[in-house]
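A look at the structure
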Amino acid sequence: MTAAHLGKGQAAFVGLASTIAGAGAGPLVAAITGPSYSPPFAVGSAVVDAAPTWLKNFAVSTFGTADKPVLLASVALVTGLLGALAGLLARTRLVRGVALLGVLVALAGLAAWARPGGGVFAVIPSLATAFVGVGSFVAVMSSASGSSSIAPGVASGDVTRRTMLSAGALAGLGAVAAGMGQKIGSQVTQMVRALPRPSRSLPAMPAGLERTVKGVTPLVTPNSNFYRIDTALVVPNVDAGGWRLVIDGDVEEELEFTYDDILAMPLVEADVTLTCVSNEVGGEYAGGARWLGVPVRDLLAKARPRSGADQVLSVSDDGWTCSTPIEAFQDKNRQALLAVGMNGEPLPREHGFPARLVTPGLYGYVGATKWVTKLTVTTYAEHRAYWTDRGWSEKGPIKPSARIDTPRAGRTIDAGRLAIGGVAWAQHQGIVGVEVQIDDGEWQTAKLGPNVGIDYWRQWWLSWDAPKGQHTIKARCRYADGKVQTSQEAEVTPDGSSGWHTVSVGVR
Ligand SMILES: Nc1nc2c(c(=O)[nH]1)N[C@H]1C(S)=C(S)[C@@H](COP(=O)(O)O)O[C@H]1N2
Ligand SMILES: [Mo]
């Protein structure tokens, strides 16, 4: 059976339309099975995990946090093109088109099956896609070729029109189904609970410099503005009631905690600035928050780690892994938390609801597992984590850095008195100063904002009487006992960027 009398464009359209119809059925079913098993997300996630490090770095540095929409759009585009190709193939032999579509859904099914928590159940959305997509493809193609037995060689205009109409309707239905699936899937509600009060509260956050120095990053990053970095194409939707934290590995006693167990323990607060290892000098992937949770030290102590263990491998609900030096968790002077609260609210879904790790002084990929479900006490020799497997450094202490927030790079500003300002961080060492150099002038000492502790960033500013012309502003921090931030420039891979943030501004 062929659909040879369909024009190339028409055949391609039928292929594309069937693909859209099938792709729409998947998410609708996946709204019930869990959105991460939906064919586009499953394939996207497989691409994320399989992509070579250089490609990921390119994606993050080129698209920033828009890397996910760009990836999904690329998956959609390639799938659409292959669907159209299936239509073209079907002009000579219908089975060829069907075979191509079959391979496509089989790949999607495999990707879903291999997802963490996947298995046979995860394949259901892909089966729906296969059923609807291939089914409509065969139906429309054969209704079109059916006409050739009546009038061999010549396609009746009527039949072609009907074929195109049904294909168009299928595509429309597919799009609607996909939209509905998305909507239902994302509506599964998070149990929002009022969190208990900490057993030991920190003093109220001081007023930040942002009140007086325009353009300086706020002292506390609102949850809604907090940068988000993770490999999850679909934000995991973890039900607090069913959530468990398991502690296993080289421990005297394996333990399991429920959300209520955690909330019943003494909760403490910690002010910690998180930073991503992918943050370029002057970049936006850093944020400061007041976290509420249980010290990881206390949890580990209950399980009694055996001597010899040097890392804790944490695992998230979506299968991401992270290795943290065990001494960073056990250090009495470093308040690493299993956090349940962020700035006075339960953790938002994007930031790890119901619980995540926050480790002061370490980049997120080595100490900030979101949606965390397991802590395995082990050794570096035995286990490697998601990013260390992909070329990033095993240990990830955050490099001290000063960032200029105002004036913005490349801006033209009016001559006269203005403030140069920003934030600086040297988590777990503490910022003791920030210095600014304008053009080739002397390094000047900036004024510092309130001190929220060594694990938190510090705002800074310097008054400048800006003369007309083109100027270059550099900033560097001093940390710990007065060490100067290195001028050595480094890229983000493998262990974080370094160098002095430099901005050029025009003054008129
Ligand atoms: N489950 C999970 N947790 C994760 C990640 C991830 O990909 N998956 N990314 C880590 C990285 S690289 C960073 S920088 C921080 C970012 O935390 P945020 O998104 O709350 O800012 O989360 C960490 N925790
Ligand atoms: Mo990160």
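Throughout, a residue's number is its position along its own chain's written sequence, starting from 1. Each chain takes a letter, starting from A, and each ligand takes a number, starting from 1, following the order in which they are written. Reporting in this predicted model follows two pLDDT cut-offs: at least 70 for local features of residues, and 80 or more for side-chain atom pairs to be given and counted; totals over whole chains, interfaces and linings ignore these cut-offs and use all residues. The basis for every side-chain value is the complete set of non-hydrogen atoms in the structure, without hydrogens or water.

1. What about the UniProt feature "domain: Oxidoreductase molybdopterin-binding" (unreviewed entry) in the protein?
UniProt positions are given in the numbering used here, feature names are shortened, and annotations may be inferred rather than shown by experiment. The positions UniProt marks with the feature "domain: Oxidoreductase molybdopterin-binding" (unreviewed entry) are residues 234-386. Split by type, residues 234-386 is 12% helix and 37% strand. Its first and last C-alpha atoms lie 18 Å apart. By the criteria applied, helices consist of DSSP H or I runs no shorter than four residues and strands consist of E runs no shorter than two, each listed in order from the N terminus.

2. Considering the UniProt feature "transmembrane region" (unreviewed entry) in the protein
In this structure's numbering, the residues bearing the UniProt feature "transmembrane region" (unreviewed entry) are residues 70-90, 97-114, 120-142 and 163-181. Note that residues 70-90 is 100% helix and 0% strand, and that its end C-alpha atoms are spaced 30 Å apart. Secondary structure within residues 97-114 divides into 100% helix and 0% strand; the distance between the first and last C-alpha atoms comes to 26 Å.

3. Description of the pattern of salt bridges
Each reported salt bridge corresponds to a side-chain nitrogen of Lys or Arg within 4 Å of a carboxyl oxygen of Asp or Glu. Throughout the structure, instances matching the rule amount to 20 salt bridges. For the salt bridge of D465 with R417, the shortest nitrogen-to-oxygen distance reads 3.9 Å. Note that D465 is positioned in strand β17 (residues 458-466) and R417 in strand β13 (residues 416-425), a separation of 48 residues in sequence. Accessibility here uses a 1.4 Å probe with only protein chains present; expressed as a share of the type maximum, an area under 20% marks a residue as buried, one over 50% as exposed, and anything in between as partly exposed. Overall, R417 belongs to the exposed group, its relative accessible area being 60%. For the salt bridge of R476 with E435, the shortest nitrogen-to-oxygen distance reads 2.7 Å. One end of the pair, R476, is in strand β18 (residues 469-479); the other, E435, is in strand β14 (residues 431-438), with 41 residues separating them in the sequence. Pair check on accessibility: R476 and E435 agree, each one buried. Salt bridges sharing common partners tie together K68, R228, D230 and K370.

4. Regarding helix α1 (residues 8-33)
Multiply 1.5 Å by the residue count of a helix minus one, and that product is the helix's expected span. Here α1 spans 37 Å end to end across 26 residues, near enough to the 38 Å set by a 1.5 Å rise per residue. Just downstream of α1 lies G34, where phi reads positive at about 120°.

5. Thoughts on the site of ligand 1
Distances are taken per atom, and a residue is near a molecule or strand as soon as one of its heavy atoms is within 4 Å of it. Taken together, 19 residues surround ligand 1, and among them Y227, T231, H351, R356 and K370 come closest. N or O atoms within 3.5 Å of each other form a polar contact, as long as, within protein, one can give a hydrogen and the other can take it, and as long as residues adjacent in sequence are counted only when both atoms are side-chain atoms. For ligand 1, an oxygen atom lies 2.5 Å from a polar atom in the side chain of K370. All accessibility values rest on the Shrake-Rupley procedure with a 1.4 Å probe; residue burial counts only the protein chains present in the view. A total of 520 Å² of accessible area belongs to ligand 1 in isolation, and the protein chains cover 99% of it. Three residue categories are used. Nonpolar comprises Ala, Val, Leu, Ile, Met, Phe, Trp, Tyr, Cys and Pro, charged comprises Asp, Glu, Lys and Arg, and polar comprises the others, including Gly. Looking at the shell around ligand 1 residue by residue, the classes come out as nine nonpolar, five polar and five charged.

6. Re the nonpolar core
Taken as a class, soluble globular proteins show a tendency for nonpolar side chains to be buried jointly. Residues belong to a common nonpolar core when they are buried Ala, Val, Leu, Ile, Met, Phe, Trp, Tyr or Cys residues joined through side-chain atoms within 4.5 Å. I262, W291, L299 and L338 are the most contacted members of the largest nonpolar core, which has 51 residues in total. No other element matches strand β7 (residues 337-342), which puts five residues into this core. F41, L219, W320 and V423 belong to the second-largest nonpolar core, a separate cluster that totals 26 residues.

7. Details of the sheet that holds β17
Spatial strand order, β11-β13-β17-β16: four strands in an open sheet with antiparallel pairing. The outermost strands of the open sheet, each flanked by one partner alone, are β11 (401-406) and β16 (447-448). Of the pairings in the sheet, the one linking β16 to β17 comprises two bridges and is antiparallel in character. Across the sheet, residue L448 finds its bridge partner in β17, namely W460. When DSSP finds two or more bridges between a pair of strands, those strands are recorded as paired.

8. Some points on the packing of helix α4 (residues 67-92) against helix α5 (residues 94-114)
For every element, the axis is a line fit to its C-alpha atoms; helices are fit only across the contacting stretch, and the angle between N-to-C directions ranges from 0 to 180 degrees. Running from amino to carboxyl end, α4 crosses α5 at an angle of 155°, the nearest separation of the two axes being 5 Å. Judged on the interaxial angle alone, α5 and α4 are roughly antiparallel. Here T79, L82, G83, L85, A86, L89, A90 and T92 of α4 come into contact with α5, specifically with L94, R96, G97, L100, L101 and L104. In terms of residue class, the contact of α4 with α5 is made up of nine nonpolar, four polar and one charged. Every angle not falling under 35 degrees, over 145, or within 65 to 115 is termed oblique; those three ranges are roughly parallel, roughly antiparallel and roughly perpendicular. Residue contacts are defined here by distance: any two heavy atoms, one from each residue, within 4.5 Å place the two residues in contact.

9. Concerning the packing of helix α2 (residues 39-50) against α5
Orientation of α2 relative to α5, taken along the N-to-C sense of each, is 70°, at an axis distance of 8 Å. Taken together, the axes of α2 and α5 are roughly perpendicular relative to one another. The segment α2 lies against α5, with P39, A42, V43 and A46 engaging A108, A111 and A112. The residue makeup of the contact of α2 with α5, split by class, is seven nonpolar, no polar and no charged.

10. What to know about the sheet that holds strand β6 (residues 321-325)
Adjacent strands of a sheet form backbone hydrogen bonds with each other and so pair up, either parallel or antiparallel. Strand order in the open sheet formed by five strands is β2-β1-β10-β5-β6, and the pairing between neighbours is mixed. Edge positions in the sheet fall to β2 (255-258) and β6, since each of these pairs with one other strand and no more. Put simply, the sheet's adjacent strands are angled 20° from each other on average, direction ignored. Pairing of strand β5 (residues 311-316) with β6, which is carried by five bridges, proceeds in the antiparallel orientation. Bridge assignment links V315 to a residue of β6, and that residue is T321.

11. Looking at a nonpolar patch on the surface
Residues forming no salt bridge and having over 30% relative accessible area are the ones grouped into patches, like charges within 9 Å of each other and nonpolar side chains (Val, Leu, Ile, Met, Phe, Trp, Tyr) within 5 Å. On the surface, a nonpolar cluster with roughly 330 Å² of combined accessible area is contributed by L28, V176, M180 and I184. Residue contributions to the nonpolar patch peak at three residues, all from helix α7 (residues 157-187). Tracing the sequence through the fold places L28 in helix α1. Residue classification places L28 among the partly exposed positions, given a relative accessible area of 31%.

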